[in-house]
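Chain and residue survey
If you want the building blocks of each chain, they are given just below.
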Amino acid sequence: MPATALFPRRLAITEIKLYLREPLATFFAIGLPLALLLILGAAIPDFREPAADMGGARPVDTHLPGMMILLSILTVAFSVMPSALVIYRERGVLRRMSTTPVRPISVLTVQLVINAVTSILATALMLIFGHLILEVPYPRMFLAFAGVFVLGSVTMFGIGLALAAVAPNSRVVQSVGAGIMFPLLFLGGMWLPRPLMPEWLLVVSDYSPTGAFGQALTDVLGNHAPSLLHLGVMVFWAAAGIVAATRWFRWE
Amino acid sequence: MEIITVENLHKRYGDKVAITDVSFAVEEGEIFGIVGRNGAGKTTTVECVAGLRTPTSGTINVVADLKQQVGVQLQDCSLPDKLRVGEALSLYASFYTNPASPTDLLAEVGLDPRVPFAKLSGGQRQRLSIALALVGNPRIAILDELTTGLDPMARRETWDLIERIKERGVTVLLVTHFMEEVERLCDRVAVISEGRALAVDTPAGLIARAEGSDRVIFRTTGSVELLKALPEVASVVIEGDLVTVTGNANVLHAVVAALPAGRIADLRTERTTLDDAFLILTGHSAV
């Protein structure tokens with residue numbers, strides 16, 4: 001194996017083992033959104049009826065899975081991944097590695113891949129179990145769905161990396177991560193669906209990364225094209241996050 | 001062969017000068033100590049050698065591939081809590097093209113591969129850190145303050161380990177502020193104080209430089225004024241009936257010959273130690 005590989009196999013295996021040894025991360029990223037989707041979808045009859053304010057779509061087919069996918073991605077992008085990176089920086093793990101032939105950026109790449117795979121897995125499980133248990137149809141516009149999913153993930157991970165870059169220590173990254181996650185979930189429509197938001201809040205939501213991502217997911221799950229505004233907003237936040245992360249990320 | 005040469009190393013962080021002027025050369029196969037008290041610039045010096053920091057000016061030449069052939073043990077570096085000892089070594093071994101066997105190394109440092117990092121004692125963490133520095137089969141091992149915080153037993157075990165490393169032909173660059181460690185391990189040392197290398201010598205050579213600091217201590221009721229005139233004597237300090245005479249290596253003979261028999265009691269001598277030598281050289285003690 002070339003020691004300077006961007007994705008060294010042994011490093012990836014080791015990081016996966018460590019990831020699985022923290023069951024809380026996989027619970028919050030995979031178990032919780034999946035359970036919420038199934039429980040809320042089964043328990044609330046209105047979610048299974050066509051809703052007038054959602055253009056006649058069933059919330060269980062569009063809004064609910066959209067929000068749960070958002071929850072899963074935000075959990076890994078704002079909480080699990082940034083705190084792992086900051087703890088590694090804080091404890092000198094990255095610095096120690098920088099004296100070996102492996103490049104510290106490999107750790108970052110491996111972390112990104114593991115967390116991205118986690119949210120892909122969570123999403124796949126939600127689509128499959130939603131289909132089997134709640135009779136949620138699979139996304140018909142699958143390519144559009146995948147495209148929105150990837151763009152939204154890049155956006156959220158970009159912001160998460162920027163957070164890891166500027167946070168001075170792991171306590172800060174954990175509390176700031178949680179502190180921005182909940183308002184962003186709210187703007188995404190988690191507790192107040194966007195069609196019910198007052199006009200001014202809807203505008204704020206439109207320009208927030210989660211509002212744009214949440215609506216785009218709901219659109220493609222309901223077989224509508226996402227709006228260009230929301231795609232543009234996501235591209236903007238993705239670029240802002242990645243530029244900030246590249247500018248300020250420190251290995252030690 | 002000189003495997004590491006450092007010439008006129010100077011390192012500044014903003015306005016703060018960490019290293020003013022440090023020069024030394026390390027011979028292949030020796031244990032070379034960098035001694036000085038905390039804040040003297042020892043760690044900055046070796047971190048420049050290891051390529052972790054860029055010198056402000058000066059030259060550093062290391063005759064080895066910095067990443068592949070230099071193993072580094074740093075202060076304040078830990079591993080993920082749930083990473084097991086064996087996994088850590090296999091992981092680090094995978095970074096190198098020609099690694100040592102993790103199993104052999106673990107046997108050598110006496111660690112159980114199944115224990116997670118969080119459950120290791122301070123001494124075990126240091127031994128793991130040394131094993132990680134050696135897992136790439138390096139030509140040079142840089143070890144920074146590796147026995148700080150260890151109990152005397154663990155420290156002795158670590159010293160044995162470093163001697164075995166040297167027997168394998170590895171050049172060791174050792175940062176320390178323990179004079180006992182220097183005397184036990186180092187072939188040569190650079191004494192660093194306030195960012196300057198004040199001397200580069202063998203431990204015995206440093207002691208020889210401090211000649212004139214052997215001490216003879218005894219009790220007497222009589223006068224010792226005549227001692228001050230002796231050529232072997234550098235100083236005489238009298239506290240009540242306790243007399244401390246400092247001088248060169250022949251001071252004991254001179255004192256005994258000069259004073260009438262029966263006038264002195266409780267006589268003992270103290271040879272110049274490396275601590276004395278360090279004190280004389282730098283004007284302060286190492287710790």
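Treat the numbers as computed from the prediction; the structure is a model and nothing was measured. (Residues numbered from 1 in each chain as written. Chains lettered and ligands numbered in written order. Predicted model: local features only at pLDDT ≥ 70, side-chain atom pairs only at ≥ 80, totals over all residues. Heavy atoms only, no water.)

1. Description of the side chain of Glu145 of chain B
Residue and element names in this part refer to chain B. As a reminder, the rule being used: Only DSSP runs of H or I covering at least 4 residues are called helices, and only runs of E covering at least 2 are called strands; the numbering of each starts at the N terminus. Accessibility here uses a 1.4 Å probe with only protein chains present; expressed as a share of the type maximum, an area under 20% marks a residue as buried, one over 50% as exposed, and anything in between as partly exposed. Pairs of N or O atoms are called polar contacts if they sit within 3.5 Å, as long as, within protein, a hydrogen donor faces a hydrogen acceptor (for residues adjacent in sequence, only side-chain-to-side-chain pairs). Should any heavy atoms of two residues lie within 4.5 Å, those residues are considered in contact.
Position of Glu145 among the secondary structure elements: in the loop between strand E6 (140-144) and helix H5 (152-167). According to the relative accessible area criterion, Glu145 is buried, its value standing at 8%. Among the polar contacts made by the side chain of Glu145, one reaches the side chain of Thr148 at a distance of 2.8 Å. A polar side-chain atom of Glu145 sits 3.1 Å from a polar atom in the side chain of His177. With residues near it in sequence (within four places) discarded, Glu145 still touches Asn38, Lys42, Gln75, Gln126, Val175, Thr176 and His177.

2. Regarding the domain arrangement of chain B
Quick reminder of the rule: Residue ranges assigned to the domains are those given by an automatic or database domain assignment.
Assigned domains within chain B: domain 1 (2-205) and domain 2 (211-271). For domain 1 of chain B versus domain 2 of chain B, the separation of C-alpha centres amounts to 43 Å.

3. Regarding the interface of chain A and chain B
Worth spelling out the cut-off: Buried area adds together the accessible area that both of two parts lose upon being put together, with accessible area traced by a 1.4 Å probe. By salt bridge we mean one thing: a side-chain nitrogen of Lys or Arg within 4 Å of a carboxyl oxygen of Asp or Glu. Each residue is assigned to one of three groups, with Ala, Val, Leu, Ile, Met, Phe, Trp, Tyr, Cys and Pro labelled nonpolar, Asp, Glu, Lys and Arg labelled charged, and all others, Gly among them, labelled polar.
In this complex, chain A contributes 22 residues to the contact, which on the side of chain B involves 29 residues. With both sides pooled, the region where chain A packs onto chain B buries about 2400 Å², and carbon together with sulfur makes up 56% of that total. In terms of surface lost to chain B, no three residues of chain A exceed Arg21, Arg91 and Arg96 of chain A, which account for 30% of the buried area on that side. Where chain A meets chain B, there are five salt bridges. Summed over the shared surface of chain A and chain B, the result is eight residue pairs in polar contact (both at pLDDT 80 or more). Residue assignment for the side of chain A that touches chain B shows that the elements contributing at least two residues are helix H1 (9-20) and helix H4 (93-97) of chain A. Looking at the side of chain A that touches chain B, the element that brings in the most residues is H1 of chain A, giving five residues. Of the residues assigned to the side of chain A that touches chain B, the class counts are nine nonpolar, five polar and eight charged.

4. Topic: the nonpolar core
To keep things clear, this is the line we draw: Here, the term nonpolar core denotes a set of buried Ala, Val, Leu, Ile, Met, Phe, Trp, Tyr and Cys residues that are joined through side-chain atoms within 4.5 Å.
The biggest cluster of nonpolar side chains holds 120 residues, and the ones touching the most others in it are Met97 of chain A together with Leu128, Ile162 and Leu174 of chain B. Among the elements that take part in this core, helix H3 (residues 63-90) of chain A stands out by supplying 16 residues, more than any other. With residues near it in sequence (within four places) discarded, Ile162 of chain B still touches Ile31, Leu143, Leu146, Val172, Leu174 and Leu185 of chain B. Listed in part, the 28 residues of the second largest apolar core include Val6, Val26, Ile34 and Cys48 of chain B.

5. Re the UniProt feature "domain: ABC transmembrane type-2" (unreviewed entry) in chain A
Note the cut-off: UniProt positions are given in the numbering used here, feature names are shortened, and annotations may be inferred rather than shown by experiment.
UniProt's feature table lists "domain: ABC transmembrane type-2" (unreviewed entry) at residues 24-252 of chain A, given in the numbering used throughout. For residues 24-252 of chain A, the helix share is 75%, the strand share is 0%, and the end-to-end C-alpha distance is 27 Å.

6. Describing the sheet that holds strand E12 (residues 242-247) of chain B
Residues and elements named next belong to chain B. Note the following rule: One bridge is not enough; two strands pair if DSSP finds at least two bridges between them. For helices, the fitted line uses only the C-alpha atoms of the stretch in contact; every axis is such a line through C-alpha atoms, and the angle between N-to-C directions lies from 0 to 180 degrees.
Read across the sheet, four strands follow the order E11-E12-E10-E13 without closing on themselves; strand pairing throughout is antiparallel. Each end of this open sheet is capped by a strand with a single partner; those strands are strand E11 (233-239) and strand E13 (264-270). When strand polarity is set aside, the average angle formed by the axes of neighbouring strands in this sheet is 15°. Sheet analysis places E11 next to E12, joined by six bridges and oriented antiparallel. Residue pairing in the sheet places Val233 in a bridge with Gly247 of E12. Where helix H8 (residues 251-258) meets the sheet, it contacts strand E10 (214-220), E11, E12 and E13, and its direction lies at approximately 25° from that of E10.

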